[in-house]
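A closer look at the structure
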Amino acid sequence: MGISSAMDWWEEWQLRILVLGSCFIQYVLFFSVWMRRAPVLRRLRVLVWVAYIGGDAVAIYALATLFNRRKQTWYGESSALEVTVALYVFCKWWSGEKRLLVAAILLFLLGILKFSLKPWALRTASFNSMQTSITVFLLPEAQREGHIYSLEEYVQAAKKCLLETKVGSQHGDVIDSNNMFFDLSAPYSFRIAQLRSFQMLEDMHAYNVLQFCLGIKFNTMYSRLGSIATYLGVGSMLLLPILALACTVLFTTSHKDGHNEKDITVTYILFSCTTVLEFLLPCMLVCYLVPSFKRFLDKNIEGWHDMVSQYNLTSFCVRKRKPTFLMKLATFNSLKDFINQHWYIQHVHIAFQITGVVRQHLEDGWKKYIHDAASYRRFSELRGQWALRRHHQLRWSLKMTFDESILIWHVATDLCFYHPNTSLQCRQGEGTQCSREISNYMVYLLLIHPEMLMPGTRSNLFTSASDKIVGNSKGLLDTEEMTAQEILNMPMLPIATDMVSSASKLSKALMELNDEKER
């Protein structure tokens, strides 16, 4: 009897739950941009993935339910995918009330407009569209380029610009970041103008400018702000809330005699939530003009720019040998590995420090290394050779592929950090912490985002190294330090034949350096 009652209840509420669930998914997708950006909400990113997948499933299920219904009265749907079926249902069971007719027409128009705007917004945010606009922008720059024609002339002019431009001399021109994300060769005159403008900025000001440019690009590619910055976008942003509000008002003031009270209540919720959803974006843009509200968002939401993702091989091995509670809940080994890789990503506030280090490296390169076109090309291809110019015994670690070099230096960094001869003062030093954080970030890119490194980067090197460490360890791997000691105690052949052995060999060579700070 209980199962029969539950089936009857589900038969009655099935379509209502699907519609309200679809509306909830729309809200999750709207706020997904902040789930991506805010570090405190990073654990909720799984909801974004579920919403993207579940949104289509709910819509298809709702369509099938609508086609199978023969006795259910309904007024509309929240998603544009249900517009056609909703129109069929409305025409079949319309009671003849004119205000309901007008409300339904406006609702269908709202859905059709939103459905039409989505492909256009996706096209606006695509790389091809942005690349076309960049090409059109850079073409006049190339035509205006004057006396700089060759690479040699550009190198000399850029070196002179950097040596003569003083930091903080003035605010400089606006830094253009449109060409940062595309493999396009900007005209030499444009490069020098950007170099001069950037060189004028102090470290903190330059950092803020870069983060602002990255934030704009993020909003352009992962939100509707890119499409809104057009006449059509502004018009749709103003028109859609008005249509949604008109639908709600007309439905509220219409006669609904003879209709199911539960359907009326659910439709009230649907209309109200749709109207609020359409008003959220323009209201958020207006609130951005309020200084206090903007400061709150910059501190709590926009702060993701200062975060650098971290991942560590020894920590991965510890969890693999001694699974956490969340990993124990996973039934399959592949799911355990997935959780181990993606759930335990850490974040640290070192973006400003890394930006400063990179900027100083580039300035030193222009002042001390680059003298002509040949040295300019060599400097662009450096992978650490300059840092090891006084330690020829370590250069062998750079004569391998880039992904292997990243992993070997990452493991060697941890081995040196947990080595018994490393003092506590050295472990707590700022330089040591910065080195580990940069190493952890490079491994994060290797494992999670190999596409951001060189073409052909192999993320499976990480899992191969972890399998060797866990498989060959004879003792406990309860902590990172114990794992490092296990690696150091592993028997090593005279010629290292794998990455773990190469990392152990490199760490021992590094520990032979007398100066801990230089190490």
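Look up a bit, the structure's there.
Residues numbered from 1 in each chain as written. Predicted model: local features only at pLDDT ≥ 70, side-chain atom pairs only at ≥ 80, totals over all residues. Heavy atoms only, no water.

Digging into the overall build of the protein chain
Counting its secondary structure elements, the protein chain contains 24 helices and two strands. A total of 519 residues make up the protein chain; the buried ones form 44% of that total. Pairs at least 24 apart in sequence give 71% of the contacts found in the protein chain among residues at least 6 apart. For the protein chain, the exposed surface amounts to about 29,100 Å²; the carbon and sulfur share of it is 63%. (Helix = DSSP H or I, 4+ residues; strand = E, 2+ residues; numbered from the N terminus. Buried < 20%, exposed > 50% of the residue type's maximum accessible area, 1.4 Å probe, protein only. Contact = heavy atoms within 4.5 Å. Areas by Shrake-Rupley, 256 points an atom, 1.4 Å probe, with all protein chains shown as cover.)

Examining the environment of Tyr 441
Its location among the elements puts Tyr 441 in helix α21 (residues 430-447). In sequence terms Tyr 441 and Gln 310 are 131 residues apart; their C-alpha atoms lie 4.8 Å from each other. Discounting chain neighbours no more than four positions away, the residues touching Tyr 441 are Val 308, Ser 309 and Gln 310.

Considerations on the packing of helix α19 (residues 402-417) against helix α24 (residues 499-511)
Where α19 contacts α24, the two axes come as close as 8 Å, and the packing angle between them is 50°. Taken together, the axes of α19 and α24 are oblique relative to one another. Handedness of the α19/α24 crossing: right-handed. Here Glu 404, Leu 407, Ile 408, Trp 409, Val 411, Ala 412, Leu 415 and Cys 416 of α19 lie close against α24, whose contacting residues are Met 499, Ser 502, Ala 503, Ser 504, Leu 506, Ser 507, Leu 510 and Met 511. Its residues assigned to classes, the contact of α19 with α24 shows 12 nonpolar, three polar and one charged. (Axes fitted to C-alpha atoms, helices over the stretch in contact; angles between N-to-C directions. Parallel < 35°, antiparallel > 145°, perpendicular 65-115°, else oblique. Left-handed = near helix turned anticlockwise from the far one by under 90°. Nonpolar A, V, L, I, M, F, W, Y, C, P; charged D, E, K, R; others polar.)

Overview of the nonpolar core
In terms of nonpolar packing, the biggest core is built from 43 residues, with Tyr 311, Leu 313, Leu 407, Phe 462, Ile 469 and Leu 510 touching the most fellow members. Mapped onto this core, the elements with two or more residues apiece are α14 (313-321), α19, α21, α22 (460-472), α23 (480-489) and α24. For this core, the leading source of residues is α19, giving eight residues. Ignoring anything within four residues of it in the chain, the contact list for Ile 469 reads Leu 313, Cys 317, Thr 483, Ile 487, Met 490 and Val 500. Counting residues in each nonpolar core, the second largest holds 16 residues, with Val 19, Phe 30, Val 33 and Met 237 among its members. (Core = buried A, V, L, I, M, F, W, Y, C linked by side-chain atoms within 4.5 Å.)

Notes on helix α7 (residues 151-164)
The terminal C-alpha atoms of α7 lie 20 Å apart, and with 14 residues this matches the ideal 20 Å at 1.5 Å per residue to within 8%. All of the buried residues in α7 are Leu 151, Tyr 154, Val 155, Ala 158, Lys 159, Cys 161 and Leu 162. Take α7 and look down its axis: the buried residues cluster within an arc of 160°, on one side only. Exposed and facing more than 90 degrees away from the buried side of α7 are Lys 160, Leu 163 and Glu 164. Elements that come into contact with the buried residues of α7 comprise α8 (188-199), α17 (351-369) and α18 (373-380). (Expected span 1.5 Å × (residues − 1). Arc of directions from axis to C-beta.)

Some words on a nonpolar patch on the surface
A cluster of nonpolar residues, Leu 44, Val 46, Leu 47, Trp 49, Val 50, Tyr 52 and Ile 53, forms a patch on the protein surface that exposes about 670 Å² of accessible area. Note that Leu 44 resides in the loop between α2 (32-37) and α3 (45-68). Overall, the relative accessible area of 35% leaves Leu 44 in the partly exposed class. (Patch = residues over 30% accessible without salt bridge, like charges linked within 9 Å, V, L, I, M, F, W, Y side chains within 5 Å. Salt bridge = Lys/Arg side-chain N within 4 Å of Asp/Glu carboxyl O.)

Thoughts on the side chain of Arg 319
Along the chain, the position of Arg 319 falls in helix α14. Comment: no salt bridge for buried Arg 319; closest opposite-charge side chain is Glu 480, at 6.4 Å. Sequence-distant contacts of Arg 319, defined by excluding residues within four places in its chain, comprise Tyr 311, Thr 324, Met 327, Asn 340 and Tyr 344. (Lys, Arg positive; Asp, Glu negative; His and termini not counted.)

Here we look at the packing of helix α5 (residues 98-124) against helix α11 (residues 231-253)
Following both chains from N to C, one finds α5 and α11 inclined at 155°, their axes separated by 9 Å at the closest point. Classified by the interaxial angle, the pair formed by α5 and α11 is roughly antiparallel. Every pair of crossing elements has a handedness; the one defined by α5 and α11 is left-handed. The segment α5 lies against α11, with Arg 99, Leu 100, Val 102, Ala 103, Leu 106, Leu 107, Leu 109, Leu 110, Leu 113, Lys 114, Leu 117 and Trp 120 engaging Leu 232, Gly 233, Ser 236, Leu 239, Leu 240, Leu 243, Ala 244, Ala 246, Cys 247, Leu 250, Phe 251 and Thr 253. Among the residues making up the contact of α5 with α11, the classes are represented as 19 nonpolar, three polar and two charged.

A look at the pattern of salt bridges
Any two side chains of opposite charge can pair, so long as their charged atoms come close to each other. Tallying each qualifying case throughout the model produces 11 salt bridges. Across the salt bridge formed by Arg 436 and Asp 414, the nearest N and O atoms sit 3.0 Å from each other. Taken as a pair, Arg 436 in helix α21 and Asp 414 in helix α19 lie far apart in primary sequence, 22 residues in all. Its relative accessible area of 2% is what places Asp 414 among the buried residues. Linked by salt bridges that have partners in common, Glu 12, Arg 16, Lys 262 and Asp 263 make up one network.

With respect to the environment of Phe 352
Position of Phe 352 among the secondary structure elements: in helix α17. Sequence spacing of Phe 352 and Met 307 is 45 residues, and the spatial spacing of their C-alpha atoms is 9.1 Å.

Considering the packing of aromatic side chains
What the rule picks out here adds up to 13 aromatic pairs. Between Tyr 207 and Phe 352 the ring centres are 5.3 Å apart and the planes differ by 80°, which places this aromatic pair in the edge-to-face class. One end of the pair, Tyr 207, is in helix α9 (residues 203-222); the other, Phe 352, is in helix α17, with 145 residues separating them in the sequence. Classification of Tyr 207 by relative accessible area gives buried; the value is 6%. Between Phe 417 and Tyr 418, the aromatic rings sit 4.9 Å apart at their centres with planes inclined by 90°, giving edge-to-face as the arrangement. (Phe/Tyr/Trp six-rings, centres within 6.5 Å; stacked < 30°, edge-to-face > 60°.)

Structural notes on the pairing of strand β1 (residues 307-310)
Burial along β1 is two-sided: the residues Met 307 and Ser 309 and Val 308 and Gln 310 are all buried. For β1 and strand β2 (residues 346-349), the ladder comprises four bridges, and the chain directions are antiparallel. Paired with Gln 310 across the strands is Gln 346, a residue of β2. (Pairing = 2+ DSSP bridges.)

Some thoughts on the state of the cysteines
Counted under the stated rule, the structure contains zero disulfides. No disulfide involves Cys 273; its sulfur sits 4.2 Å from that of Cys 23, the nearest cysteine. (Disulfide = S-S within 2.5 Å.)

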